[in-house]
Amino acid sequence: MKIIRRDLPTNIPPLTGLPDFLSRVYLARGVCSSEELELGLKQMLDNSQLKGLDQAIELLLSAFKERQRILIVGDFDADGATSTALAIDALRSMGAADCRYLVPNRFEYGYGLTPEIVDLAAQMQPQLIITVDNGISSVEGVKRCHELGIKVLVTDHHLPGDEVPEADAIVNPNQRGCPFPSKNAAGVGVVFYVMTALRAALRGQGWFAEMGIQEPNLASYLDLVALGTVADLVPLDKNNRILVEQGLQRIRAGRCRVGIASILACAQKRCADVVASDLGFIVGPRLNAAGRLDDMSLGIACLLEQDPIQAKHLAQQLDDLNRRRRAIEDEMKLDAEALLAEFDTSAHDSAWGLCLYEPHWHQGVIGILASRVKEKLHRPVVAFAPADDNPNDENPLLKGSARSIPGLHLRDALDLVAKRHPQILTKFGGHAMAAGMSIEYRHLAAFTEAFDQVVREKLDPSALEAVLLTDGPLAESDLSLDSVSLLNRSGPWGQQFPEPRFDDEFIVVQSRVLKDRHLKLVLSKPGSERLFDAIQFNSTWVSRSLPSKIRVVYRPSINEFRGSRSVQLMLDYIQA
């Protein structure tokens with residue numbers, strides 16, 4: 001592990017009105033003026049540059065006036081769940097005559113608007129299907145819709161392939177020719193923009209007055225937008241930071257939907273204290289657990305529920321599923337450790353791109369497993385599991401989930417594998433850092449070799465060494481309750497706008513192990529008598545002797561215990 005301090009621009013003065021340490025943090029993340037820190041809704045990008053939006057609104061206006069049945073087809077992750085809940089709630093609140101949703105079981109129907117899903121959806125007799133957080137790769141599914149006389153509006157944010165579906169309208173900031181400045185919108189962000197445009201169009205036509213409907217306040221959906229945006233790990237550019245910050249403000253003020261509050265309560269987290277990472281590490285995983293192990297309809301129902309008692313019941317079911325998911329993950333991690341017991345990252349002939357498979361692995365959890373192995377070995381990883389309930393078949397279909405490291409665009413890498421070996425990949429898709437695919441078991445060895453070859457071509461050897469970027473040292477005077485509170489409120493922090501981490505040398509005053517896994521320390525800075533509580537979860541130092549002087553990478557936090565508040569250092573890395 002290499003610790004590198006972030007570079008600061010040399011030609012830009014410190015930001016005015018901020019403590020020096022916070023100015024340094026922002027400058028290191030490319031914020032060059034105080035105006036860039038203004039995260040009010042007035043600073044949000046307008047929807048005028050979204051390609052396909054006019055056609056989308058025409059479709060929706062016709063559906064409203066003709067009282068058509070609208071069916072939302074969502075994805076089975078947290079972004080898909082929040083997108084579906086937002087679309088359903090907003091359309092109903094604006095007076096849609098008949099609006100329903102369908103989130104097919106991922107294990108039976110796979111990802112996207114497949115022909116099989118269309119045939120299932122056709123049983124509900126929709127006249128308009130709206131995809132949310134999927135659809136840009138659903139060429140055959142859209143064809144099947146048109147064969148059945150169903151119109152299709154695709155709303156998505158994923159990268160398009162060489163061929164895009166001939167939908168009646170497509171709204172996706174990443175589609176070719178779309179000038180919308182933020183290419184980082186999550187699926188739920190795209191849906192939010194479509195709904196704001198629809199409300200404006202309905203208002204302009206006097207719809208709300210004619211129908212006697214109170215015009216909905218779409219700001220009330222920003223809790224969903226914040227949750228989906230953070231959980232989907234899209235980069236937090238300024239527009240996404242606005243959406244997330246506005247959603248967080250609603251949650252902290254107690255104005256979020258009861259389903260989100262109930263999920264937070266299951267984790268014993270107060271709404272008033274919520275930060276962006278809580279959406280990513282508390283709420284998102286519980287929603288995703290439904291899609292990974294069961295049916296995302298449970299998560300959507302929780303987000304749509306208005307009765308606090310029922311919402312609490314649904315949130316508890318999601319919490320139980322997440323506990324099951326963690327247990328499955330722990331077993332799969334043990335399997336992966338056994339497979340990699342002799343893997344040497346320093347050996348020249350070791351794989352650069354790793355592929356792992358066990359016939360009893362759960363396909364809903366392989367994405368998490370790939371992420372864990374990637375974090376440990378710092379190289380691209382694909383984890384495979386059987387796609388059906390017959391893992392002993394001679395040639396089962398496998399589902400793969402991949403995670404990458406900086407320097408390798410996963411979808412581009414898979415595209416190159418597919419072009420060189422057209423017979424290997426049944427289908428694939430995804431982003432730069434995460435992707436999914438299907439292959440037959442008989443092609444697993446060939447794919448493993450081809451993937452490793454592409455990774456070796458695309459990655460510089462230096463990229464295989466993990467780098468931990470920090471914001472340098474933090475003065476002892478800045479480790480106060482007020483400064484740490486300010487730091488926590490100064491986000492939202494997230495993907496490509498990372499939470500501040502600092503590094504410094506400390507003296508180890510006291511050390512003990514908690515639950516055989518965690519390291520609890522008391523530290524002091526050299527030459528100072530002030531003591532700091534510190535903790536490293538799942539520490540690799542629990543079985544090693546800790547030296548008296550260490551260099552640590554840490555995040556300052558506030559620990560509350562029995563009414564007392566104190567600064568605590570959350571240790572990400574310890575170096576002798």
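The structure we're discussing is the one just above.
Before going into details, it helps to say that this report is about the structure given with it.

Conventions and cut-offs
- Residues numbered from 1 in each chain as written.
- Predicted model: local features only at pLDDT ≥ 70, side-chain atom pairs only at ≥ 80, totals over all residues.
- Heavy atoms only, no water.
- Helix = DSSP H or I, 4+ residues; strand = E, 2+ residues; numbered from the N terminus.
- Rg over C-alpha atoms; globule rule 2.2 N^0.38 Å.
- Buried < 20%, exposed > 50% of the residue type's maximum accessible area, 1.4 Å probe, protein only.
- Contact = heavy atoms within 4.5 Å.
- Areas by Shrake-Rupley, 256 points an atom, 1.4 Å probe, with all protein chains shown as cover.
- Lys, Arg positive; Asp, Glu negative; His and termini not counted.
- Charge placed at Lys NZ, Arg CZ, Asp CG, Glu CD.
- Patch = residues over 30% accessible without salt bridge, like charges linked within 9 Å, V, L, I, M, F, W, Y side chains within 5 Å.
- Salt bridge = Lys/Arg side-chain N within 4 Å of Asp/Glu carboxyl O.
- Core = buried A, V, L, I, M, F, W, Y, C linked by side-chain atoms within 4.5 Å.
- Pairing = 2+ DSSP bridges.
- Axes fitted to C-alpha atoms, helices over the stretch in contact; angles between N-to-C directions.
- Expected span 1.5 Å × (residues − 1).
- Parallel < 35°, antiparallel > 145°, perpendicular 65-115°, else oblique.
- Left-handed = near helix turned anticlockwise from the far one by under 90°.
- Nonpolar A, V, L, I, M, F, W, Y, C, P; charged D, E, K, R; others polar.
- Phe/Tyr/Trp six-rings, centres within 6.5 Å; stacked < 30°, edge-to-face > 60°.

**Comments concerning the overall build of the protein chain**
Argument step 1. When helices and strands are counted, the protein chain shows 18 helices and 17 strands.
Argument step 2. Radius of gyration (C-alpha) of the protein chain: 25 Å, near the 25 Å computed for a compact globule of 576 residues.
Argument step 3. Dimensions of the protein chain along its principal axes, counting C-alpha atoms only, are 75 × 60 × 50 Å.
Argument step 4. Split into buried and exposed, the 576 residues of the protein chain put 53% on the buried side.
Argument step 5. Restricting the contact set of the protein chain to residue pairs at least 6 apart, pairs at least 24 apart contribute 67%.
Argument step 6. Accessible surface for the protein chain amounts to roughly 25,700 Å². Of this, 47% is attributable to carbon and sulfur atoms.
Argument step 7. The averaged location of the 74 negative side-chain charges in the protein chain is 5 Å from the averaged location of its 63 positive side-chain charges.

**Regarding a nonpolar patch on the surface**
Argument step 1. Taken together, the side chains of Ile 4, Val 467 and Leu 469 define a hydrophobic patch exposed on the protein surface, amounting to about 200 Å² of accessible area.
Argument step 2. Tracing the backbone shows Ile 4 in strand E1 (residues 2-5).

**Some words on the nonpolar core**
Argument step 1. In terms of nonpolar packing, the biggest core is built from 133 residues, with Ile 70, Leu 86, Leu 91, Met 195, Leu 198, Leu 521 and Leu 569 touching the most fellow members.
Argument step 2. No other element matches helix H7 (residues 187-204), which puts eleven residues into this core.
Argument step 3. In this structure Met 195 touches Leu 86, Ala 90, Leu 91, Met 94 and Leu 218, once residues within four positions along its chain are discounted.
Argument step 4. Membership of the second largest hydrophobic core comes to 28 residues, among which are Ala 413, Leu 425, Val 454 and Leu 464.

**Some words on the sheet that holds strand E6 (residues 169-171)**
Argument step 1. Overall, parallel pairing links the five strands, which are arranged E3-E2-E4-E5-E6 in an open sheet. For this open sheet the edge positions go to strand E3 (98-102) and E6, each flanked by a neighbour on one side alone. Each strand of the sheet is rotated relative to its neighbour by a mean of 20°, with strand direction disregarded.
Argument step 2. Both strand E4 (residues 128-132) and strand E5 (residues 151-155) contribute to a ladder of five bridges, which runs parallel. Bridge pairing in E5 links Leu 128 to Lys 151.

**Quick look at unusual backbone geometry**
Argument step 1. Gly 491 connects to Pro 492 through a cis peptide bond whose omega is 5°.
Argument step 2. By the element assignment, Pro 492 lies in the loop between helix H18 (481-489) and strand E13 (502-514).
Argument step 3. With a phi angle near 60°, Leu 233 is a residue other than glycine that sits in the positive phi range.
Argument step 4. Tracing the chain through its elements places Leu 233 in the loop between helix H9 (222-231) and helix H10 (238-252).
Argument step 5. With a phi close to 55°, Arg 562 is a non-glycine residue in the positive phi region.
Argument step 6. Positionally, Arg 562 belongs in the loop between strand E16 (549-561) and strand E17 (564-575).

**Observations concerning H10**
Argument step 1. In this model H10 runs 21 Å from its N-terminal to its C-terminal C-alpha over 15 residues, within 8% of the 21 Å that 1.5 Å per residue would give.
Argument step 2. Among the 15 residues of H10, twelve are classified as buried, and the element is accordingly described as predominantly covered.
Argument step 3. Every buried residue belonging to H10 is among Asn 239, Asn 240, Arg 241, Ile 242, Leu 243, Val 244, Glu 245, Gln 246, Gly 247, Leu 248, Arg 250 and Ile 251, and all of these are buried.
Argument step 4. Check the buried side of H10 and you find it contacts H7, H9, helix H11 (258-266) and helix H12 (276-293).

**Quick look at the packing of H11 against helix H14 (residues 308-339)**
Argument step 1. Relative to each other, H11 and H14 sit at 50°, their axes nearing to 8 Å. Here H14 runs oblique to H11, going by the angle between their axes. As H11 runs across H14, the sense of the crossing is right-handed. Of the residues in H14, those in contact with Val 258, Gly 259, Ser 262, Ile 263 and Cys 266 of H11 are Pro 308, Ala 311, Lys 312, Ala 315, Gln 316, Leu 318 and Asp 319.
Argument step 2. Residues that form the contact of H11 with H14 fall into these classes: seven nonpolar, three polar and two charged.

**Let's talk about helix H17 (residues 444-458)**
Argument step 1. For H17, built from 15 residues, the straight-helix expectation of 21 Å at 1.5 Å per residue is met to within 8% by its first-to-last C-alpha distance of 21 Å.
Argument step 2. Every buried residue belonging to H17 is among Leu 444, Phe 447, Ala 450, Phe 451, Asp 452, Val 454 and Val 455, and all of these are buried.

**Some points on the sheet that holds E17**
Argument step 1. Judged by pairing direction, the barrel is mixed, and its five strands sit side by side in the order E13-E14-E15-E17-E16 before closing back on the first. Looking at each pair of strands side by side, their axes are set apart by 45° on average, direction ignored.
Argument step 2. With five bridges joining them, strand E14 (residues 518-524) and strand E15 (residues 532-536) adopt antiparallel strand pairing. Residue pairing in the sheet places Val 522 in a bridge with Asp 533 of E15.
Argument step 3. Sheet strands touched by H18: E13, E16 and E17. Its angle to E16, the strand with the most contacts, is close to 90°.

**Things to note about the packing of aromatic side chains**
Argument step 1. The tally for this structure, following the rule as stated, stands at ten aromatic pairs.
Argument step 2. Both rings, one in Phe 447 and one in Phe 451, keep their centres 5.6 Å apart while their planes meet at 15°; by these two values the pair is stacked. In this pair, Phe 447 and Phe 451 are both assigned in helix H17, four residues apart and thus about one turn of the helix distant. Exposure class is identical for Phe 447 and Phe 451. Each is buried.
Argument step 3. An angle of 85° between the planes, with centres 6.3 Å apart, marks the rings of Phe 506 and Phe 532 as edge-to-face. Of this pair, Phe 506 sits in strand E13 while Phe 532 sits in strand E15; the two residues are 26 residues apart in sequence, bridging distant segments of the chain.

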